[in-house]
Amino acid sequence: MKLALSAALFLALIGSAVAGQSNVSIGKLRLADAASDACFANCASQNDACKRVCPTTLGAPCQSACDSRAQTCRQGCQSQSR
């Protein structure tokens, strides 16, 4: 009887330890998602700011350059989230 009770207690402790680790992993994933979202938002904000300062005479090439920079920024965000 004591052996069965000890085994049950041991398994319960091991199970809660494993469950605790998965909660930490979920928390880390949420933090990574939040950081990734912030990175993408920053890229969009920089792209908007870049396009606002484009002169009207060079509008299309300037906006294209802004879009290229934004794409590079987003690719950087993707590589950080992996």
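Procedures and definitions
- Residues numbered from 1 in each chain as written.
- Predicted model: local features only at pLDDT ≥ 70, side-chain atom pairs only at ≥ 80, totals over all residues.
- Heavy atoms only, no water.
- Helix = DSSP H or I, 4+ residues; strand = E, 2+ residues; numbered from the N terminus.
- Areas by Shrake-Rupley, 256 points an atom, 1.4 Å probe, with all protein chains shown as cover.
- pLDDT = per-residue confidence, 0-100.
- Contact = heavy atoms within 4.5 Å.
- Disulfide = S-S within 2.5 Å.
- Buried < 20%, exposed > 50% of the residue type's maximum accessible area, 1.4 Å probe, protein only.
- Salt bridge = Lys/Arg side-chain N within 4 Å of Asp/Glu carboxyl O.

What about the overall build of the protein?
Helix and strand content of the protein: two helices and zero strands. On the protein, roughly 6500 Å² of surface is accessible, and the fraction owed to carbon and sulfur atoms is 62%.

Examining the confidence of the model for the protein
Mean pLDDT over the protein stands at 76; residues scoring 70 or higher make up 59%. Taken as a whole, residues 3–7 scores under 50 in pLDDT and shows zero contacts with residues more than four places along the chain or in a different chain. The model gives residues 15–22 a pLDDT under 50, and that stretch makes zero contacts with residues more than four places away or in other chains.

Points about the state of the cysteines
Enumeration according to the criterion identifies four disulfides in this entry. Paired through a disulfide, Cys 43 and Cys 73 show a sulfur-sulfur distance of 1.9 Å. The disulfide joining Cys 43 to Cys 73 has a torsion of about -80 degrees about its S-S bond and is therefore left-handed. Of this pair, Cys 43 sits in helix H1 (residues 2–52) while Cys 73 sits in helix H2 (residues 59–81), and the two are 30 residues apart along the sequence.

With respect to the environment of Ala 44
Mapped onto the fold, Ala 44 is located in helix H1. Judged by relative accessible area, Ala 44 falls into the partly exposed class, the value being 41%. Along the primary structure Ala 44 and Arg 74 are separated by 30 residues, whereas in three dimensions their C-alpha atoms are 8.7 Å apart.

What about the pattern of salt bridges?
Per the stated rule, a full pass over the model turns up one salt bridge. When the shortest N-O distance is used, the salt bridge between Lys 51 and Asp 67 registers 2.8 Å. Of this pair, Lys 51 sits in helix H1 while Asp 67 sits in helix H2, and the two are 16 residues apart along the sequence.

Points about the side chain of Asn 47
Examined against the element boundaries, Asn 47 turns out to sit in helix H1. For Asn 47, a relative accessible area of 14% gives the class buried. The contacts of Asn 47, once residues within four sequence positions are left out, are Cys 66, Asp 67 and Ala 70.

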